[in-house]
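Below are the chains, spelled out letter by letter.
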Amino acid sequence: YAKEQGRNTFRFYSSDMHASALELLTLSSYLRHALERDELYLVYQPQIRLVTGEMVGVEALLRWKHPDLGVIAPDRFIPLAEETGLIVPIGTWALKEACFQAAQWISRGLPPMRVAVNLSAKQFRNPGLVATVRTALEQSGLPAHLLELELTEGMLIENIASTHETLKALKAMGVTLAIDDFGTGYSSLSYLKHFPLDRLKIDKSFVLEMAEKSGDSAAIVQAIIALAHSLKLTVIAEGVERQDQVAFLKQHCCDEMQGFFFSRPLKSEALEELLQKCMQGPDFCLFNY
Ligand code: C2E
Ligand code: MG
Ligand code: MG
Ligand code: MG
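In this report, the structure presented in the accompanying data block is examined. Going along each chain's sequence as written, the residues are numbered from 1 onward. All chains are assigned letters beginning with A, and all ligands numbers beginning with 1, in the order in which they are written. Predicted model: local features are reported for residues with pLDDT of at least 70 only, side-chain atom pairs are reported and counted for 80 or more only, and whole-chain, interface and lining totals are derived from all residues. Side-chain measures were taken over the full set of non-hydrogen atoms in the model, leaving aside hydrogen atoms and water.

Concerning the overall build of the chain
We apply this condition: Put simply, DSSP marks the helices as runs of H or I at least four residues long and the strands as runs of E at least two long, and each gets a number from the N terminus on. Burial here depends on accessible area, computed with a 1.4 Å probe over protein chains only, as a share of the maximum for the residue type. Under 20% is buried, over 50% is exposed, and the range in between is partly exposed. Whether two residues touch is decided by their heavy atoms; if any such pair falls within 4.5 Å, the residues are in contact. Only the protein chains shown count as covering a residue, and every accessible area follows the Shrake-Rupley method with a 1.4 Å probe. By the counting rule applied here, Lys and Arg register as positive and Asp and Glu as negative, while His and the ends of each chain are not counted. One atom stands in for each charge, and that atom is NZ of Lys, CZ of Arg, CG of Asp or CD of Glu.
Across its full length, the chain holds 14 helices and 10 strands. Referenced to the eigenvectors of the C-alpha coordinate spread, the extents of the chain come out at roughly 70 × 45 × 40 Å. Looking at the chain as a whole, 46% of its 289 residues qualify as buried. Within the chain, contacts between residues at least 6 apart in sequence are counted, and of these 68% link residues at least 24 apart. By element, 54% of the accessible surface of the chain is carried by carbon and sulfur atoms, the whole surface being about 14,600 Å². Of the side chains in the chain, 28 bear a positive and 35 a negative charge, and the two mean positions are spaced by 1 Å.

The structure is reproduced here in structure tokens:
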């Protein structure tokens, strides 16, 4: 009968849409319980300093393991968490968990690693953010300079004045600030010199596509590295999967790299094993490429 009301109505009632709406509804009701049921955890992906090949940090990435549905990727549930507002408690949990984990590694005598935590837009606009970060640092005992917060370009330009205040307060605490997925957002670059930033993360789409040195992506990667350095920011490439990408990044003096070529994101126990190896001496801590 929907069909009789015209094409648009028919599309609206199509079984595809129904299924996906139902799926979203189910997922969001499951997500509501994920925190209290301990279904969320973090995995950690090493970040490598290019000139030495040593691990200098990790990025904490959220995972959700539902008992029936299995592991659900963040690209599926973060947007949902953002829409429903659940991202605020989930993000707070991730921030605390990452700080406690990094502090625990240090207390076990492992080499100190910077830990980067992704923030979502809603979390960033939440007036409680600065206090949440301060509490996470105080309760975990993690030195502030070992916490990095990853923001995206879109979050920064939304409300320039309040953004500036928030960034200043975070910087005053001693945490470092990185722009994630750099190059995919708004093209206005003027904000870069106004905000107290530390690092640009070149989006993996450019890094993955820079196979031929003549391609557009290679030119973009090169330009972002130069831009970062001229603004006294450090620069990290994400999505490094192959040796030729490493060579290109080295040639253009990128500071750090992260990607499957070095390591997939690891559960905390596996990352700890890697850190244990680093303890055996500098040679063990190096990624040889
Ligand atoms: P992101 O912050 O840009 O994280 C990098 C993504 O690239 C991760 O996907 C990582 O697993 C993947 N990756 C790393 N190396 C490679 C590589 O060599 N090749 C390819 N193809 N991919 C690589 P993941 O873990 O699925 O996370 C996806 C996105 O979900 C993240 O992108 C981030 O935006 C979001 N996310 C993850 N954890 C959190 C969190 O705790 N809070 C918030 N707000 N967002 C999160
Ligand atoms: Mg990130
Ligand atoms: Mg990214
Ligand atoms: Mg991202």
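Description of the coordination of the magnesium ion (ligand 3)
Filter applied, for reference: Nitrogen, oxygen and sulfur within 2.8 Å of a metal are treated as its donors, or within 3.2 Å for sodium, potassium and calcium (Na, K, Ca); water is not counted, so a site can appear incomplete.
Around the magnesium ion (ligand 3), the protein contributes the donor atoms D180 (OD), D181 (OD), E238 (OE) and E238 (OE), at 2.0 to 2.3 Å from the metal centre. Mapped onto the sequence, the residues coordinating the magnesium ion (ligand 3) show the spacing D-D-x56-E. The two metals, the magnesium ion (ligand 3) and the magnesium ion (ligand 2), are separated by 4.1 Å and share D180 as a common coordinating residue. Within this pair, whereas D180 is found in strand β6 (residues 176-182), its partner E238 is found in strand β8 (residues 234-238), the two being separated by 58 residues in sequence. Overall, the relative accessible area of 8% leaves D180 in the buried class.

Section: the packing of helix α6 (residues 129-140) against helix α8 (residues 160-173)
What counts here: An axis is simply a line fitted to the C-alpha atoms; with a helix, the fit covers only the stretch in contact. Between two such axes, the angle follows the N-to-C directions and lies from 0 to 180 degrees. Orientation labels follow simple angle bins: below 35 degrees gives roughly parallel, above 145 gives roughly antiparallel, 65 to 115 gives roughly perpendicular, and whatever is left gives oblique. It is the rotation of the near helix from the far one that decides the hand of a crossing: anticlockwise by less than a right angle makes it left-handed, clockwise makes it right-handed.
Interhelical geometry of α6 versus α8 gives an angle of 15° and a closest axis separation of 10 Å. Classified by the angle their axes make, α6 and α8 are roughly parallel. Note that α6 runs across α8; the crossing there is right-handed. Contact residues: L129, V130, V133, R134 and L137 in α6; T166, A169, L170 and M173 in α8.

Some remarks on the site of ligand 1
Where we set the bar: It suffices for a single heavy atom of a residue to lie within 4 Å of a molecule or strand for the residue to be listed as near it. A 3.5 Å cut-off defines polar contacts: any pair of N or O atoms within that distance qualifies, except that in protein one atom must be a possible hydrogen donor and the other a possible acceptor, and neighbouring residues in sequence count only when both atoms are side-chain atoms. Using a grid of 1 Å spacing that covers the protein atoms alone, one calls a set of points a cavity when a 1.4 Å probe fits there but cannot get out, and a pocket when the set is open and has protein on both sides within 12 Å along at least five of seven lines; lining residues are those with an atom within 4 Å of a point. Each molecule is assigned to a cavity or pocket provided more than half of its atoms lie within 2 Å of the corresponding grid points.
Of all residues adjacent to ligand 1, which total 24 residues, the nearest are R63, N118, D180, E241 and F260. At 3.0 Å, a side-chain N or O of Q45 approaches a nitrogen atom of ligand 1. In the model, an oxygen atom of ligand 1 is placed 3.5 Å from a nitrogen or oxygen of the E238 side chain. Considering ligand 1 on its own, with 810 Å² of exposed area, one finds that the protein chains cover 86% of that surface. Put simply, ligand 1 lies in the largest pocket.

Looking at the coordination of the magnesium ion (ligand 2)
Here the magnesium ion (ligand 2) is held by the protein donor atoms E59 (OE), N118 (OD1), E150 (OE) and D180 (OD), which lie 2.0 to 2.3 Å from it. All donors of the magnesium ion (ligand 2) belong to a single chain; written as a sequence motif, their spacing is E-x58-N-x31-E-x29-D.

Examining the nonpolar core
Soluble globular proteins tend to bury their nonpolar side chains together. Note the threshold: Residues belong to one nonpolar core when they are buried, are Ala, Val, Leu, Ile, Met, Phe, Trp, Tyr or Cys, and are joined through side-chain atoms within 4.5 Å.
The biggest cluster of nonpolar side chains holds 83 residues, and the ones touching the most others in it are M55, V133, L147, L149 and L249. Residue contributions to this core peak at 9 residues, all from helix α4 (residues 87-107). Sequence-distant contacts of V133, defined by excluding residues within four places in its chain, comprise L95, L147, L149, L170, M173 and V175.

Things to note about the pattern of salt bridges
Note the threshold: Here, a salt bridge means any side-chain nitrogen of Lys or Arg that lies within 4 Å of a carboxyl oxygen of Asp or Glu.
Under the definition given, this model contains 12 salt bridges. A salt bridge links K201 to E59, with the nearest nitrogen and oxygen atoms 2.8 Å apart. You can see K201 sitting in strand β7 (residues 199-202) and its partner E59 sitting in strand β2 (residues 55-66), a full 142 residues away along the chain. A relative accessible area of 0% means that K201 is categorised as buried. E59 sits in the buried class, given a relative accessible area of 4%. By sharing partners, the salt bridges in this structure join E59, E150, K201 and E238 into a single network.

Description of the pairing of strand β5 (residues 147-152)
Heads up, the condition is: Any two strands with at least two DSSP-identified bridges between them are counted as paired.
β5 sits mainly inside the fold: 5 of its 6 residues count as buried. As judged from the 4 bridges shared by strand β4 (residues 114-118) and β5, these two strands associate in the parallel manner. The residue of β5 that forms the bridge with V117 is L149. With 5 bridges joining them, β5 and β6 adopt parallel strand pairing. Its bridge partner lying in β6, E148 is registered against T176.

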